[in-house]
Amino acid sequence: MSSVTMKGIYKKYAGGVTAVSDFNLDVEDKEFIILVGPSGCGKSTTLRMIAGLEEITLGELYIDGKLVNDVAPKERDIAMVFQNYALYPHMTVFENMAFGLKLRKMPKDEIKRRVAEAAQILEIEHLLDRKPAALSGGQRQRVALGRAIVRNPKVFLLDEPLSNLDAKLRTAMRSELAKLHKKLATTFIYVTHDQTEAMTMGTRIVVMKDGFIQQVAAPQTLYEAPANLFVATFIGTPQMNTGEGEIVDENGVTYLTFGENCKIALPEEKGRKPEVLAYAGKKVIFGIRPNDIHADEELMAKYPNRVIEAEVDMTELLGADTNLYLTNGDISMTAVVTTGTTNCKMGDKVRLCVDTTRVHLFDYDTEKTITN
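Quick caveat: nothing in here was measured; it's all calculated off a predicted structure. (Residues numbered from 1 in each chain as written. Predicted model: local features only at pLDDT ≥ 70, side-chain atom pairs only at ≥ 80, totals over all residues. Heavy atoms only, no water.)

Draft legend 1. Examining the sheet that holds strand 17 (residues 321-328) more closely. Pairing in this open sheet of 5 strands is antiparallel, and the strands run 15-19-16-17-18 from one edge to the other. In this open sheet, the two strands that pair with only one neighbour each are strand 15 (293-294) and strand 18 (331-338). (Pairing = 2+ DSSP bridges. Helix = DSSP H or I, 4+ residues; strand = E, 2+ residues; numbered from the N terminus.)

Draft legend 2. How the structure looks around the sheet that holds strand 2 (residues 17-27). Spatially, 2-1-4-5 is the arrangement adopted by the 4 strands of the open sheet, whose pairing is antiparallel. Whereas interior strands pair on both sides, the edge strands pair on one side only; in this sheet they are strand 2 and strand 5 (66-67). Of the pairings in the sheet, the one linking strand 1 (residues 4-13) to strand 2 comprises 7 bridges and is antiparallel in character. The residue of strand 2 that forms the bridge with Lys 11 is Val 20. The sheet strands contacting helix 1 (residues 43-51) are strand 1, strand 2 and strand 4 (58-63), and the helix crosses strand 1 at an angle near 115°. (Contact = heavy atoms within 4.5 Å. Axes fitted to C-alpha atoms, helices over the stretch in contact; angles between N-to-C directions.)

Draft legend 3. Seen up close, helix 5 (residues 167-184). Taking 1.5 Å per residue as the helical rise, helix 5 with its 18 residues ought to reach 26 Å, and the 26 Å between its terminal C-alpha atoms agrees with that figure. Of the positions making up helix 5, those classed as buried are Met 173, Arg 174, Leu 177, Leu 180 and His 181. Projected down its long axis, helix 5 carries its buried residues within an arc of 135°, all on one side. Turned more than 90 degrees from where helix 5 packs its buried face, Lys 168, Lys 182 and Lys 183 sit exposed. Contacts from the buried residues of helix 5 go to strand 3 (32-36), helix 3 (108-122), helix 4 (137-149), strand 7 (155-159), strand 8 (187-192) and helix 6 (195-201). (Expected span 1.5 Å × (residues − 1). Buried < 20%, exposed > 50% of the residue type's maximum accessible area, 1.4 Å probe, protein only. Arc of directions from axis to C-beta.)

Draft legend 4. Local environment of the nonpolar core. Ranked by internal contacts, the top residues of the largest apolar core, which has 47 residues, are Met 97, Leu 145, Leu 158, Leu 177, Tyr 190 and Val 207. Setting aside residues no more than four positions away along its own chain, Val 207 makes contact with Val 36, Phe 212, Ile 213, Gln 214, Gln 215, Leu 222, Phe 230, Val 231 and Ile 235. Counting residues in hydrophobic clusters, the runner-up holds 29 residues, among them Leu 256, Tyr 279, Ala 310 and Met 333. (Core = buried A, V, L, I, M, F, W, Y, C linked by side-chain atoms within 4.5 Å.)

Draft legend 5. Expanded view of the packing of helix 2 (residues 93-103) against helix 4. Between helix 2 and helix 4, whose axes approach to 8 Å, the crossing angle comes to 30°. Looking at the two axes, helix 2 sits roughly parallel to helix 4. Helix-helix and strand crossings are classified by hand; for helix 2 and helix 4 the assignment is right-handed. Contacts between helix 2 and helix 4 involve Val 93, Asn 96 and Met 97 from the first element and Val 143, Gly 146 and Arg 147 from the second. Broken down by class, the residue content of the contact of helix 2 with helix 4 amounts to 3 nonpolar, 2 polar and 1 charged. (Parallel < 35°, antiparallel > 145°, perpendicular 65-115°, else oblique. Left-handed = near helix turned anticlockwise from the far one by under 90°. Nonpolar A, V, L, I, M, F, W, Y, C, P; charged D, E, K, R; others polar.)

Draft legend 6. Broad picture of the pattern of salt bridges. The tally for this structure, following the rule as stated, stands at 13 salt bridges. Residues Glu 54 and Lys 11 are paired through a salt bridge, measuring 3.6 Å at the closest nitrogen-oxygen approach. Taken together, the residues span a long stretch of sequence, with Glu 54 in the loop between helix 1 and strand 4 and Lys 11 in strand 1 at a distance of 43 residues. When its relative accessible area of 19% is taken as the criterion, Glu 54 is described as buried. Overall, Lys 11 belongs to the buried group, its relative accessible area being 8%. A salt bridge links Arg 358 to Asp 292, with the nearest nitrogen and oxygen atoms 3.1 Å apart. With Arg 358 in the loop between strand 19 (349-354) and strand 20 (360-363) and Asp 292 in the loop between strand 14 (283-288) and strand 15, this pair connects stretches of sequence that are 66 residues apart. By relative accessible area, which is 30% here, Arg 358 ends up partly exposed. (Salt bridge = Lys/Arg side-chain N within 4 Å of Asp/Glu carboxyl O.)

This is the structure we're talking about:
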């Protein structure tokens, strides 16, 4: 078992700065949990508290049911992989990976076996005699992972381990880390500011902002049912379109109005919910994902009350898809449409159909979700 439980964790620094507030999380055995959020949201501080590198101001931290607030980092049976790899430049790959085991006075044969096993898992057997200066960024990252693997820890802590790699290598290493997690069958707690990393790797994601947890859920749940406006706009690429709108109840149909003359009918199962009708005549914030706006003539003919008009600011051809950057009044929007469904160019007026079954509504003042 390698579970981690955090109960009411706070981290306060001298001068009254609170980096983490009331952090509550149960990480189950063998989970791949990802802490994600913008810079300064408290995710790395949280990871360092789990590692024992930062003192917990308030709250309780348990590893496998044991309270470890006052347990030294080396006694917690965790391994941490840092953003900068933290390899010793004068040591070979083998020596870097073996260093922690030597400090523990482990027998030489056991050290050799563990390093060889980790090197095989990471496919770096041919690099064991090299020094870090002779390695690429991806190879150094594998060595840093190998140094953690040889310890057979209960929990792996990874602090933005891919941020120093180029985009192509980062994509490849995401896949490698997901495979590694499955192979090792150990608990991973991973910090990143990159929501694409979070969405593609985590079994559950913890979205943080200003030291507080905003939502904890599986990737698809965060995308489809965000708890508030921050989560909705942070998760998803391109970012969700948002703006000020108004709910209108007219002849038994609920409409969302926004921009200049945009009035779209919400489907009955969404628009007639009591929580939505409570906002009739009031301002709301709407959210529409770019993939839910279509340049499809058949859809527009079938659902005329879901059609909007906008001016094209720019088009971006991405192969099978084309991004349309649009303006309607003071609202800017992006639509991801199938290439070839529209031949519009900059300055054109274009008609588009919104999938109103997937429109999100948020309270104007609290920014909490009204309906997804």
